[in-house]
Amino acid sequence: MRTQVGIVGAGPAGLMLSHLLHRAGIDSVIVENRSRAYCEARIRAGLIEQWAADMLVETGVGARMQRESMVHDGIHLNFGGGLHHIDFHKLVGKRVTIYGQQEVVKDLIARRLEDGTKILFEVEGTTLHDIGTAAPKIRFRHDGRADEIECDVIGGCDGFHGVSRPSIPSGVLTTYEREYPFGWLGILAQAQPVADELIYSYHRNGFSLYSMRSPSLVRYYLQCAPDEDPERWSDQQVWDELELRLSGVRVLPRGPVVEKIVAPMRSFVVEPMQHGRLFLAGDSAHIVPPTGAKGMNLAFADVRVLSKAIAAFYRSGATGLLDQYSQTCLRRVWKAQRFSWWMTRLFHLFPEETPFDRKRQLAELDYVASSAVAATSLAENYVGLPVE
Ligand code: DHB
């Protein structure tokens, strides 16, 4: 089959790219190796920067989010035995929206299908061809038959483990990477909220985070070993450890745990984010550690730039914006990398740490909580830096 833009991956990056292109009158086809049910159930963070929430609303896919999400003015920091509120709205005039990534994915899939965009789920053996030419192709098997998409541009939106990035010839990409000597044990539980807004907590046993998905569904995370087996933790042990680390807050309302996972922590960027007619967007090009929940927001920022560059290409035939895609995205990507790394370093215990580092971390938390200048920097980054 033939389309204008072939998209690999039906996560937030691929779906939003297709959506923005459709609004610009450009056709796309999406291939995805998982099932629709799998994509819609894949649980990730649930925090949307203000510009991204605005974009969902302005482009007509934000109605359910507006009804069901929670809008937060700020966050709480918990350290030294007490809560300290950082009020983003007061500091920078912006807010964040709490709405699960998988809910955004459900809304985007529904809209793509309504608009008549083809999403081929459960494809197998996807490979990319002729990406260095003006006629790239995506080959795969679907419903037991070999198939091919001929297109002008490929959006490589298939995540860290996808086929897009490895399709770029060796020697083209430079990788920048950092691994962290810990992971996050995350639970989703049917329990009452413990606070009105998220709590990022510093404790001698390690970091913990209180978040939420709805007034009756809470999300908690605990810093754990990088290779932790989530099944080694009974529900009671998780609650006890959360209560200990969030100490100074209050007794945690407990309830049935409906999911328990371990999330890896990695910082990763490839440069450039493009080769020929293949453009990487979202996790296929960069990974942030989860602290601050930048993953989906970064993916949206990438495809916003990419969709405008593709639209300019079809309008005038000029490739100027496409040529600059990587450079444009990477300036913001690196700032989000810096922020995610900073949040991670601020709250987590690192094995090589000395008592000096603990004192330094507590001083930094105290500085952020007591200085309007420091708090404003946190707020500006947390609600989302400007987008192109
Ligand atoms: C969530 C995850 C994060 O990493 C974070 O910083 C905030 C919230 C979440 O899953 O809700």
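What comes next is a walk through the structure. (Residues numbered from 1 in each chain as written. Predicted model: local features only at pLDDT ≥ 70, side-chain atom pairs only at ≥ 80, totals over all residues. Heavy atoms only, no water.)

### What about the side chain of E103?
Argument step 1. If you trace the backbone, E103 turns up in helix α6 (residues 101-114).
Argument step 2. Under the relative-accessibility criterion, E103 is labelled buried at 16%.
Argument step 3. In terms of polar contacts, E103 uses its side chain to reach the side chain of R64, at 2.8 Å. (Helix = DSSP H or I, 4+ residues; strand = E, 2+ residues; numbered from the N terminus. Buried < 20%, exposed > 50% of the residue type's maximum accessible area, 1.4 Å probe, protein only. Polar contact = N/O pair within 3.5 Å; in protein donor to acceptor, adjacent residues only side chain to side chain.)

### Let's talk about helix α12 (residues 372-382)
Argument step 1. Taken together, the buried positions of α12 are A374, A375, L378, A379, N381 and Y382.
Argument step 2. Looking one or two residues past α12, G384 carries a phi angle of roughly 115°, positive in sign.

### With respect to the site of the ligand
Argument step 1. Around the ligand, the structure places 15 residues, and the nearest of them are Y200, S211, R213, Y221 and P290.
Argument step 2. In the model, an oxygen atom of the ligand is placed 2.5 Å from a nitrogen or oxygen of the P290 main chain.
Argument step 3. Backbone polar atom of A293 to an oxygen atom of the ligand: 3.4 Å apart, as the coordinates give it.
Argument step 4. About the coverage of the ligand: the protein hides 99% of its 290 Å² of free accessible area.
Argument step 5. Elements represented by at least two residues in the shell around the ligand include exactly β16 (208-214) and β17 (217-224).
Argument step 6. Tallying contributions element by element places β16 first for the shell around the ligand, with 3 residues.
Argument step 7. Residue composition of the shell around the ligand, by class: 9 nonpolar, 4 polar and 2 charged.
Argument step 8. Here the shell around the ligand spans two domains, since at least three of its residues come from each of domain 1 (5-72 + 96-176 + 266-343) and domain 2 (181-265 + 351-383). (Near = heavy atom within 4 Å. Areas by Shrake-Rupley, 256 points an atom, 1.4 Å probe, with all protein chains shown as cover. Nonpolar A, V, L, I, M, F, W, Y, C, P; charged D, E, K, R; others polar. Domains from an automatic or database assignment.)

### Section: the side chain of R112
Argument step 1. Relative to the helices and strands, R112 is located in helix α6.
Argument step 2. Looking at R112, its side chain comes within polar contact range of the side chain of H19, at 3.5 Å.
Argument step 3. Those residues in contact with R112 that sit more than four places away from it in its chain are L15, S18, H19, H22, T117 and I119. (Contact = heavy atoms within 4.5 Å.)

### Points about the sheet that holds strand β9 (residues 124-129)
Argument step 1. A sheet is described by the order of its strands in space; here 3 strands give the open sequence β9-β10-β11, paired in antiparallel fashion. With one partner strand each, in any of the chains shown, β9 and β11 (145-150) form the two edges of the open sheet. Averaged over all pairs of adjacent strands, the angle between strand axes in this sheet comes to 20°, irrespective of strand direction.
Argument step 2. The pairing of strand β10 (residues 137-142) with β11 spans 6 bridges and is antiparallel. Across the sheet, residue R139 finds its bridge partner in β11, namely E148. (Pairing = 2+ DSSP bridges. Axes fitted to C-alpha atoms, helices over the stretch in contact; angles between N-to-C directions.)

### Describing the sheet that holds strand β21 (residues 278-280)
To summarise the sheet geometry, strands pair through backbone hydrogen bonds and adopt either a parallel or an antiparallel arrangement.
Argument step 1. Spatially, β8-β2-β1-β12-β21-β20 is the arrangement adopted by the 6 strands of the open sheet, whose pairing is mixed. Because the sheet does not close on itself, it has two edges, and the strands there are β8 (118-120) and β20 (274-275).
Argument step 2. The pairing of strand β1 (residues 5-8) with strand β12 (residues 153-156) spans 4 bridges and is parallel. When the sheet's bridge partners are listed, V5 is paired in β12 with V153.

### Looking at unusual backbone geometry
Argument step 1. Cis geometry marks the peptide bond from E271 to P272, where omega comes out at -10°.
Argument step 2. Tracing the chain through its elements places P272 in the loop between β19 (266-271) and β20.
Argument step 3. For D143, which is not glycine, the phi dihedral falls at a positive 50°.
Argument step 4. Mapped onto the elements of the fold, D143 is located in the loop between β10 and β11.
Argument step 5. In this structure, A293 is a non-glycine residue whose phi angle is positive, near 55°.
Argument step 6. Positionally, A293 belongs in the loop between β22 (286-287) and α8 (295-316).
Argument step 7. Look at A293 and you get buried, because its relative accessible area is 12%.

### Section: the nonpolar core
Argument step 1. Membership of the largest hydrophobic core comes to 72 residues, with the highest contact counts inside it found for I48 and F300.
Argument step 2. When residues of this core are assigned to their parent elements, the largest contribution, 12 residues, is made by α8.
Argument step 3. Setting aside residues no more than four positions away along its own chain, F300 makes contact with P12, M16, W51, A52, M55, L56, V104 and L108.
Argument step 4. Judged by nonpolar contacts, the second largest core, of 56 residues, contains Y210, L242, F350 and A379. (Core = buried A, V, L, I, M, F, W, Y, C linked by side-chain atoms within 4.5 Å.)

### Observations concerning the packing of helix α1 (residues 12-23) against α6
Argument step 1. Packing of α1 against α6 brings their axes to within 10 Å, and their N-to-C directions diverge by 40°. In this view, α1 runs oblique relative to α6, as classed from their interaxial angle. You can see that α1 and α6 cross each other, and the crossing is left-handed. Contacts from P12, L15, M16, S18, H19 and H22 of α1 reach α6 at Q101, V105, L108, I109, R111 and R112.
Argument step 2. Class assignment for the residues of the contact of α1 with α6 results in 6 nonpolar, 4 polar and 2 charged. (Parallel < 35°, antiparallel > 145°, perpendicular 65-115°, else oblique. Left-handed = near helix turned anticlockwise from the far one by under 90°.)

### Some thoughts on the pattern of salt bridges
Argument step 1. The tally for this structure, following the rule as stated, stands at 25 salt bridges.
Argument step 2. Put simply, R266 and E179 hold a salt bridge, and the shortest N to O gap is 3.4 Å. With a gap of 87 residues between them, R266 in strand β19 and E179 in strand β13 (residues 174-179) connect regions that are remote in the sequence.
Argument step 3. Among the ionic pairs, R245 bridges to E241, the shortest N-O distance being 2.8 Å. Here E241 and R245 lie together in helix α7 (residues 235-245), a separation of 4 residues that amounts to about one turn.
Argument step 4. Sharing partners across several salt bridges, the network here consists of R64, E68, E103, K106 and D107. (Salt bridge = Lys/Arg side-chain N within 4 Å of Asp/Glu carboxyl O.)

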